[in-house]
Amino acid sequence: MILSSILVLFGLGLVAAAVLAVASRVLYVKEDPRVVAVESALPGANCGGCGYPGCAGAAQAVVSGKAGADVCVAGGAETAQAVAEIMGLEVGAMEPKSACRDCTGGERADELYLYEGASSCRAQAMLYGGAKACSSGCLGLGSCVEVCPFNAIHMGPHGLPIIDPEECRACGKCVAVCPRGVISIEGMSSRLLHLNQTSDCLAPCRQKCPGQINIPRYIRQVREGDYDGAVMTIKERNPLLLVCGRVCPRPCETVCRRGAVDEPVAINMLKRFVADHEMASGRHLPVPVLPDTGRKIAIVGGGPAGLSCAYFLRRLGHHPTIYDSMPALGGQLRYGIPEYRLPKKVLDWEIQGILSLGVNVVLNTKFGVDFTLESLREEGFEAFFVGIGAWQCGNLRAEGEDAEGVMGGIEFLTAQALGEKLDIGKKVIVVGGGNTAIDAARTSVRLGADVTLMYRRTRAEMPANPEEIAGAEEEGVKYMFLSTPTKVITNEQGRVAQMEYLRMELGEPDASGRRRPVPIEGSESRIDVDFIIPAIGQNPDISCLYDDNNVCHLDTTRWQTINADPVTLQTAIPDVFTGGDVHTGPNLVISAIGEGRRAARSIHHYLTQGDIHVPADVQRELIAHTLFKTVENVAPKDRADMPHLCHGKERTCTFNEVEGVLTEQEALAEATRCLDCGLVCYNRDVNPEVALDQVRRGR
Amino acid sequence: MQEYFLLFIAAIFVNNIVLAQYLGNCPFIGTSKKTGVALGMGSAVVFVVTMSTAFTWLVQKYVLDPLDLGYLQTLTFILVIAALVQFVEMFLKKMVPPLYQSLGIFLPLITTNCAVMGIAIICQRKEYDFVTSILFALFSGLGFMLALVVLASIREKLEVTRMPRSIRGVPAGLIMAGIMSLAFFAFQGMIA
């Protein structure tokens, strides 16, 4: 009995074992042992973040060469190292990435209808695209929280998901599930390389800023007391925040929604506040830099565009070298802006912060004379940025303009910055209405002269900053509007003695709507003058772009600027990029900085991918439906006043800095005035109607 | 013919292997989160349960019965089913890679599936002949697949429903399985 049982069981077992043994030999499927090894090295989360069906699929792809050793986004650098050892590969350091939410609306956003269906963002998006009026707004139903396998996301108190960067493994599941594209996977490089797109959550100030700085974010950080975070936010788009905090004319404030309530938020004063806070600490905040790529890029011109391009290229891991013809970097920032607006030690401190990242500098070298594109290529440079600025002064267009005692505005300011002793006599006339003219006038006042500024239009049409015009008047500069010079009269020694000018009046509006100044016949007058400073526009000097055969390989325009693609800034030579005043003509410092970053982006794509990717929905002009004429439910608050550091005689007799910086209390009060705008939403003060509506919705 | 039709109704509805007899509940809950996965699992179960019932019937008929070793039924069936599933996995991997790609992942789950074991033993208790046993196994497998797909569809709907967090997932699946069982009791009495 027992014996037969044992025999039967063993017999069946032996038969089964024999069959399986034969089958395992006959039906053997050869498999690479490395697949098993790689699969065991992977974390086994099977999250699918790598794009393959689980860890087994990823292991197959690694062994077959379809994926690199860093295929695993969940495991990070450790897993990549282990897989690389198995495969005999070398793995570069992975850039830390995290999911980021772009939308800041939440429950502030208007809703088209009251949704009471399934608690799923995707389900709501099927109903007229979702309840939020904003086409890029977060629906707030938490689908991203559901799908996150690492519990890195949870819903915040305002109907927006909050992502924990420490827990996030950038697997991309939340990006896939979000029907509105609110979440994206970002690293430092993608933030540096990002161009504003119409699908981004862009407040009007962000749309207007040529540097594309995330203004609501850094103001929010100021409000929370995170000044270092605010500095880092600004430095993702603009490395020269001390400079811009002092000299930027603030185009962002012209579209600030707060301007429809009382006065725009003092965006630039807050930028200067956090920048001066960093400088007062005495040390530069450490700026993260991507691993070395070993690529050399030559940057011709050390002005704001070149410095910006070098900064961003260095942060992306490349090796830029700046060539400049002057004895110090800075370009127009150093030589075209006087000391009382931008002290040299402030500029030096900021430039040092850029160079200490690992940027090389070669000074006192002229492009086309000391080096050429060909000689740089022989040295191993793979791409070039030409940002040589606009240094040529416009002509006075009056008889006798070549006399001694006539000096262009840029020339005058440059000579002053270089420390040359200038004899400007007692009476100085500055011709022109731009910022350069104001700078020349106020500099002349500090040199002890009696200054008159002559402009052919009226005060309202002056292109200079209104604060600059008022500041110059406070310092004693006299204005002569509706006047234009016609003749320079010299004395026996050939020196300027008098200037003849015509009175003007505003005529009929031309095609652009501006009234054109028309001379008044017979209104010639003469005025005694010792020195004349024409400050009538600037032009790039592109003579250095011509080679020995007088041929320029770059495409140029009739305004003597370099022609380039407006988005990628690539010139007619594929590896040459441009930006700044030599590309746009005379323009703002912040425009040059923004173009420097965009050129760095194009160079990075050109060197790493070969072609330069441009998103289809790049934002090029203001988005019309986001510009509000009226803003409701916002109470007026006073705007902070710009403090002055100098008064009275000290102001006009020295070159000390005139404008000061906000105190901490003033900065916090000013930051709370910010409405924290999104595309169409902004902070409103609660009123009974809104509160009742929220109660009705059960929030 | 009518006898087989009655067998069909009984196996799929009246005596559903998972909803009425509560066998195979582990993969029933575990693989019913997605309809596609449920279909794959159901297909694999149909295939394996039919083959294993045939083989176990033969083993019972020609090995255990002549030697009067009926008490070895459970051990013997476990051995045969496990070896068979392993063989099938090897065979599919070698001969039919596409089918292995789609169903292979489920075969290890079936090795210890009590539904497969249960169906084989039920056939012995009811003393079905060979053809009837194979058909019963096939119909029972289809019943398993039906229950799995229906539960998967319900759970997909529940995924986007507002629910207390403590009930989400397996608890909700168990509750739905219980309600489905109650619903299938309506078929009791169709066959005496």
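Before reading on, note that the structure itself is shown above.
Definitions and cut-offs
- Residues numbered from 1 in each chain as written.
- Chains lettered and ligands numbered in written order.
- Predicted model: local features only at pLDDT ≥ 70, side-chain atom pairs only at ≥ 80, totals over all residues.
- Heavy atoms only, no water.
- Helix = DSSP H or I, 4+ residues; strand = E, 2+ residues; numbered from the N terminus.
- Buried < 20%, exposed > 50% of the residue type's maximum accessible area, 1.4 Å probe, protein only.
- Contact = heavy atoms within 4.5 Å.
- Areas by Shrake-Rupley, 256 points an atom, 1.4 Å probe, with all protein chains shown as cover.
- Lys, Arg positive; Asp, Glu negative; His and termini not counted.
- Charge placed at Lys NZ, Arg CZ, Asp CG, Glu CD.
- Pairing = 2+ DSSP bridges.
- Axes fitted to C-alpha atoms, helices over the stretch in contact; angles between N-to-C directions.
- Left-handed = near helix turned anticlockwise from the far one by under 90°.
- Nonpolar A, V, L, I, M, F, W, Y, C, P; charged D, E, K, R; others polar.

**Q** Summarise the overall build of chain A; cite the residues concerned and give the values.
**A** Within chain A, the regular secondary structure consists of 25 helices and 19 strands. By principal-axis analysis of the C-alpha atoms, chain A measures approximately 140 × 70 × 50 Å. Out of the 699 residues belonging to chain A, those deemed buried represent 51%. In chain A, of all internal contacts separated by at least 6 residues, the share reaching a separation of at least 24 is 67%. Total accessible area on chain A stands at roughly 31,800 Å², and carbon and sulfur atoms take up 52% of it. Put simply, chain A has 69 plus and 86 minus side-chain charges, and the middle of one group is 3 Å from the middle of the other.

**Q** Residues and numbers for the side chain of Gln60 of chain B, please.
**A** Residue and element names in this part refer to chain B. Inspection of the secondary structure assignment puts Gln60 in helix α3 (residues 35-64). Residue classification places Gln60 among the buried positions, given a relative accessible area of 8%. Setting aside residues no more than four positions away along its own chain, Gln60 makes contact with Asp65, Pro66, Gln73, Phe77 and Gln124.

**Q** Describe the sheet that holds strand β11 (residues 450-454) of chain A, listing the residues and the values that go with them.
**A** Residues and elements named next belong to chain A. Strand order in the open sheet made by the 4 strands is β12-β11-β10-β17, with parallel pairing throughout. Edge positions in the open sheet fall to β12 (478-480) and β17 (531-534), since each of these has one partner strand only. The sheet shows a mean angle of 25° between the axes of neighbouring strands, direction not considered. One ladder, built from 3 bridges, connects β11 with β12; its direction is parallel.

**Q** Before we move on, can you summarise the side chain of Arg446 of chain A with the specific residues and values?
**A** All names here are of chain A. Here Arg446 is to be found in helix α19 (residues 435-446). In this structure Arg446 comes out as buried when scored by relative accessible area, which is 6%. Discounting residues that sit within four places of it in the chain, Arg446 has contacts with Tyr340, Glu475, Arg651, Thr652, Cys653, Thr654, Phe655 and Val658.

**Q** With reference to specific residues and values, describe the packing of helix α14 (residues 304-315) of chain A against helix α22 (residues 589-608) of chain A.
**A** Residue and element names in this part refer to chain A. Running from N to C, α14 and α22 cross one another at 40°; their axes reach a closest spacing of 7 Å. For α14 against α22, the interelement crossing comes out right-handed. On α22, the residues touching Pro304, Ala305, Ser308, Cys309, Phe312 and Leu313 of α14 are Val589, Ala592, Ile593, Gly596, Arg597, Ala599, Ala600 and Ile603. Residues of the contact of α14 with α22, tallied by class, amount to 11 nonpolar, 2 polar and 1 charged.

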